[in-house]
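Descriptive analysis of the structure
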2 protein chains.
Amino acid sequence: MTWVDDANAPLLTDLYQLRMLQAYFAERIEASATFDLYVRRLPPTRNFLLACGLDDALRFLEQLRFSPQAIARLASLGPFPGSFLERLSTLRFTGDVFAVPEGTPVFAGEPILEIVAPLPEAQLVETFITNQIHLQTVLASKAARIVAAAGSRPVVDFGLRRTHGADAGMKSARAFFIAGVAATSNVLAGQVYGIPVAGTMAHSYVQAHDDELAAFRSFIELHPDSVVLVDTYDTLGGVRKLVTLSHQLAERFRVSAIRLDSGDLATLSRAARRELDANGLRSVKIFASGGLDEHSIAELLRCGAPIDAFGVGTRMGVSEDAPALDMVYKLVEYDGRGRTKLSPEKEVLPGRKQVFRPLRNGTASGDVIAGAEEAIDGRPMLVPVMRGGRRLERGTLQAARERANRDIAELPASCRSLEAADPPYPTAVSEFLRERQARSITAASS
Amino acid sequence: MTWVDDANAPLLTDLYQLRMLQAYFAERIEASATFDLYVRRLPPTRNFLLACGLDDALRFLEQLRFSPQAIARLASLGPFPGSFLERLSTLRFTGDVFAVPEGTPVFAGEPILEIVAPLPEAQLVETFITNQIHLQTVLASKAARIVAAAGSRPVVDFGLRRTHGADAGMKSARAFFIAGVAATSNVLAGQVYGIPVAGTMAHSYVQAHDDELAAFRSFIELHPDSVVLVDTYDTLGGVRKLVTLSHQLAERFRVSAIRLDSGDLATLSRAARRELDANGLRSVKIFASGGLDEHSIAELLRCGAPIDAFGVGTRMGVSEDAPALDMVYKLVEYDGRGRTKLSPEKEVLPGRKQVFRPLRNGTASGDVIAGAEEAIDGRPMLVPVMRGGRRLERGTLQAARERANRDIAELPASCRSLEAADPPYPTAVSEFLRERQARSITAASS
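Okay, the overall build of chain A next. If you tally the helices and strands in chain A, you get 17 helices and 21 strands. Its C-alpha atoms give chain A principal-axis dimensions of about 85 × 55 × 35 Å. Here chain A holds 446 residues, and the buried ones make up 55% of them. Taking contacts inside chain A between residues at least 6 apart in sequence as the whole, the part at least 24 apart equals 73%.

Here it is, written out as structure tokens:
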């Protein structure tokens, strides 16, 4: 198996990028180009997206080089002329990048990132950059909804086993943390990103013992403040065994929570709470998991289920209701001239841009997508993050998480709701930009 | 950025696996355990699943070791006793594995893989094994539907930019190829797996030129047998420019196909076909892409659209309608005794198994999930693939692709249809296995 790493990541691209590069080099089409990365339409179940993945994108740009190993791989694929491979081997990314910081809510049509670089460089990086920002934006946007549904109760990421592969396993934990998830079960991600790591026990642990009480006793002997899984055979029976154990252990009993992973969580959590409280175990919390998403969490809390924390796996880990975004990377300017495209329903706004987000009484009141040279009311959302191929100041994960929390709170309540915002959050295109588009269309059609 | 690689992959696991391992070591619970990996329920839009990902799972098992680097990472996370870390550093996977070969159609409840190993080893590997087999089975199962819809027309994988991360980008190309996809746009996957790589041009290439005709001319000068993208400004206008170019180049014109990427593909493909044919370009094929899936492909072909090949991206790349499966890894036997679990709607069939698939007139007539010791009519689907931690014979990608093609053709027509098979393909549990389950339940409940 070949893992993707820094040495071969430049080949994690579409063949047409290399075909176009060959042509650009041959034709000396190497003037400065601007590409916008944005989402054309929001999925029906998203009122906003949470931009995420910039750090990995910038790292890729900064590290980009075709190693001798990568060149050898390419050569083995076939028909690339030696002069092209040689040219590739000296290629570096030398451009500028403007982007919204990670953890920023964005809307349809708003650039998440703009790349300004010689056309071949800017073209080549499309596939990898899109792959990384798409993934993390998909996942952070889903997690933001789940965190909102859980309110003040912590959400723990249990998604690793069903995220799409190893890279998604890592990046999901990162994106979820930015979106407000409290901890992850993923050991490697926790270590690499400095995210709190959490874990309880599996049913197999209970099953491997001859009886449930013995399993509980052994586990908490080693891990006294564990979360104990009580539903392997019969949930309330499991709770009662834990109560028995609490009597046996007396003050040595320090179990922090029980976990319910199946059945009617509302009914079971109420019955478990009563049983625990009646036996002096008020401090033992109730942790729920098992196929949860924002809707089931909201419903549990609406009906008053006494659940203190949620473990969420698959539905967050693959963003089940919206696993992909219509995210595109489009040429908007080349050699100083705005570029557009007339494919049906896929319009492109030409030229470099800025997005302005005005606040009214502390609430975002509607974004304006404008030309980069415009000055319009509101906070400018795109900031320079790379110049001449070198990263500028690098934000921390914690800062991105705080930004997400703050910026989401600024959105109108309808936007933060789980239901479709009606009307959707307003975004407008500035008159200046519309005029530039009209001029480009005239030029392209002539 | 830390890429996942052989050295840190063992840490790509859930914390609870390590917590349980600590307990198992402390309690000396190290007898032989059997775990089954299977899907509890099929998504409503899948009549069968195509098992995939075994090769990566076995490679992981064979390579499994906690390197000093991995141990250091773990130690930095906190409360692991030195004796546990030391024990981990010598841990290897020494078990046996039985599995259905890659490219085998499977159904709900049927083990895709069975691991028989000392409990701590078998438990530890759950997360990574599930992550890899889940991903590739999700994607191969989706691709099989798209390949079926396209019939004899080739399907090309364009999904890389929206697959979930780098690992999914690689493994998707592999899974799609097994399911019958003809080629991938992914350069690295093509090189690593030996899959044909295909690529055309992007709209940005056309836009970067001052006019479309010049763009076409330059591109095919370098890549004479290209697929030319004609819809940047106006699809039929683009076709006419290509016709003009064919007149200019005469016998040097060798363009293989045009690509349509937007608009009403049925209408546009018919009009383009007429235009090409009327100008002596019968040999120029029509390649369609743009948000396609099995349903839109079937509809295009049903209404007779003259399309010769399909490029499919996002909807296949994330398996949009079913991005996750209810795939689980369950303890079914420990220390020679069948194990079960009574959590509501999550029953577990105890003991080692075999799945038998009888054929009637060359068509699979219904599977039986049985005990491993049973001999029942039909082909046994699970075969030994690893013994004592060493892989047995290793299948090629091509063999898996051929198996998928052959085994899917054996399924009843209703099962191969895009509509929900009604009734679904029959799977039964053998009487022997039901009796074993009843005995285990009695034992667990007592």
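Now that the structure has been shown, we can carry on.
Taken as rigid bodies, chain A and chain B are interconverted by a rotation of 180° and an axial shift of 0.0 Å, the fit giving an RMSD of 0.0 Å. Within this description, the copies of the chain are treated as partners about a two-fold rotation axis. Same-surface contact between copies: 100% of interface residues of chain A are shared with the interface of chain B.

Moving on to the sheet that holds strand β12 (residues 327-334) of chain B. Residue and element names in this part refer to chain B. Spatially, β13-β12-β1-β5-β3-β19-β20 is the arrangement adopted by the seven strands of the open sheet, whose pairing is antiparallel. Strands at the two margins of the open sheet, each flanked by one partner only, are β13 (337-338) and β20 (390-391). Bridge count for strand β19 (residues 383-387) against β20 is two bridges, and the pairing is antiparallel. When the bridges of β20 are listed, Arg387 appears paired with Arg390.

Our next topic: helix α3 (residues 68-77) of chain B. Within the sequence span of α3 of chain B, burial applies to Ala70, Arg73 and Leu74 of chain B. One side of α3 of chain B carries all its buried residues, which in axial view fall inside an arc of 95°. Turned more than 90 degrees off the buried face of α3 of chain B, the exposed positions are Pro68, Gln69, Ala72 and Ser76 of chain B. Contacts made by the buried residues of α3 of chain B are with α8 (187-193) of chain A together with α4 (82-89) of chain B. Looking one or two residues beyond α3 of chain B, the residue adopting positive phi is Gly78 of chain B, at roughly 130°.

Moving on, we get to the sheet that holds strand β6 (residues 155-157) of chain B. Residues and elements named next belong to chain B. If you walk across this open sheet you meet the six strands as β7-β6-β11-β10-β9-β8, and the pairing is parallel. The outermost strands of the open sheet, each flanked by one partner alone, are β7 (183-184) and β8 (227-229). Bridge count for β6 against β7 is two bridges, and the pairing is parallel. Looking at β7, one finds that Val156 is bridged to Ala183.

Residues and elements named next belong to chain A. Mapping Arg254 onto the fold places it in the loop between α11 (235-249) and β9 (257-260). Taking the number of C-beta atoms within 10 Å as the measure of exposure, Arg254 has 14 and is therefore partly exposed. Counting along the chain gives 38 residues from Arg254 to Phe216, while the straight-line C-alpha distance between them is 12 Å. When neighbours within four sequence positions are excluded, Arg254 is seen to be in contact with Pro224 and Asp225.

Here the focus is the pairing of strand β19 (residues 383-387) of chain A. Residues and elements named next belong to chain A. For strand β3 (residues 96-99) and β19, the ladder comprises three bridges, and the chain directions are antiparallel. Bridge pairing in β19 places Val97 opposite Met386. A loop of two residues connects β19 with strand β20 (residues 390-391), the two strands running antiparallel in sequence, and Gly388 in this loop sits at a positive phi of about 55°.

Domain annotation of chain A identifies domain 1 (29-61 + 93-140 + 322-352 + 380-445) and domain 2 (200-288). Between the C-alpha centres of domain 1 of chain A and domain 2 of chain A the distance comes to 47 Å.

What follows concerns the packing of helix α7 (residues 165-178) of chain A against helix α15 (residues 397-409) of chain A. All names here are of chain A. Taken N-terminus to C-terminus, the directions of α7 and α15 make an angle of 50°; their axes are 7 Å apart at the nearest point. Judged on the interaxial angle alone, α15 and α7 are oblique. Contacts between α7 and α15 pair Arg174, Phe177 and Ile178 from the former with Leu397, Ala400, Arg401 and Ala404 from the latter. Of the residues that constitute the contact of α7 with α15, the class distribution is five nonpolar, no polar and two charged.

A cis amide bond links Asp422 of chain A with the next residue in sequence, Pro423 of chain A, at an omega value of 0°. If you check the backbone angles, Arg28 of chain B has positive phi at about 55° while not being a glycine. Its location among the elements puts Arg28 of chain B in the loop between α1 (15-27) and β1 (32-39).

Opposite the 89 residues of chain A that make contact, chain B presents 90 residues. The element that contributes the greatest number of residues to the side of chain A that touches chain B is helix α1 (residues 15-27) of chain A, accounting for nine residues. Its residues assigned to classes, the side of chain A that touches chain B comprises 40 nonpolar, 31 polar and 18 charged.

We now examine the confidence of the model for chain A. Chain-level statistics for chain A give a pLDDT mean of 95 and a share of 98% at 70 or above. Complex prediction metrics read pTM 0.97 and ipTM 0.97.

The subject of this paragraph is the environment of Val312 of chain A. Residues and elements named next belong to chain A. With respect to the helices and strands, Val312 occurs in strand β11 (residues 309-312). Along the primary structure Val312 and Glu294 are separated by 18 residues, whereas in three dimensions their C-alpha atoms are 9.4 Å apart. Setting aside its immediate chain neighbours within four residues, Val312 contacts Ile146, Val155, Asp157, Phe158 and Leu292.

Residue and element names in this part refer to chain B. By the bridge criterion, four bridges tie strand β9 (residues 257-260) to strand β10 (residues 285-288) in an arrangement that is parallel. Note that in β10 the partner of Arg259 across the bridge is Phe287. Read from β9 through helix α12 (residues 265-278) to β10, the crossover connection turns out right-handed. For β10 and strand β11 (residues 309-312), the ladder comprises two bridges, and the chain directions are parallel. Of the residues in β11, the one forming a bridge with Phe287 is Ala309.

Looking now at the packing of helix α3 (residues 68-77) of chain A against helix α4 (residues 82-89) of chain A. Residues and elements named next belong to chain A. Between α3 and α4, whose axes approach to 10 Å, the crossing angle comes to 155°. Classified by the angle their axes make, α3 and α4 are roughly antiparallel. Here the hand of the crossing between α3 and α4 comes out right-handed. Touching Ile71, Leu74 and Ala75 of α3 are Leu85, Leu88 and Ser89, all from α4. Residues of the contact of α3 with α4, tallied by class, amount to five nonpolar, one polar and no charged.

With that out of the way, let us pick up the environment of Gln123 of chain B. Along the chain, the position of Gln123 of chain B falls in helix α5 (residues 119-124). Taking the C-alpha atoms as reference points, Gln123 of chain B and Glu275 of chain B, separated by 152 residues in sequence, lie 62 Å from one another. When residues no more than four places from it in sequence are discounted, the contact partners of Gln123 of chain B are Ser204 of chain A together with Gln17, Met20 and Leu21 of chain B.

Thresholds applied
- Residues numbered from 1 in each chain as written.
- Chains lettered and ligands numbered in written order.
- Predicted model: local features only at pLDDT ≥ 70, side-chain atom pairs only at ≥ 80, totals over all residues.
- Helix = DSSP H or I, 4+ residues; strand = E, 2+ residues; numbered from the N terminus.
- Buried ≥ 20, exposed ≤ 12 C-beta atoms within 10 Å, placed from the backbone.
- Contact = placed C-beta atoms within 7 Å.
- Least-squares fit on C-alpha atoms with pLDDT ≥ 70 in both.
- Pairing = 2+ DSSP bridges.
- Arc of directions from axis to C-beta.
- Domains from an automatic or database assignment.
- Axes fitted to C-alpha atoms, helices over the stretch in contact; angles between N-to-C directions.
- Parallel < 35°, antiparallel > 145°, perpendicular 65-115°, else oblique.
- Nonpolar A, V, L, I, M, F, W, Y, C, P; charged D, E, K, R; others polar.
- pLDDT = per-residue confidence, 0-100.
- Right-handed = clockwise from strand over helix to strand, strands pointing away.
- Left-handed = near helix turned anticlockwise from the far one by under 90°.

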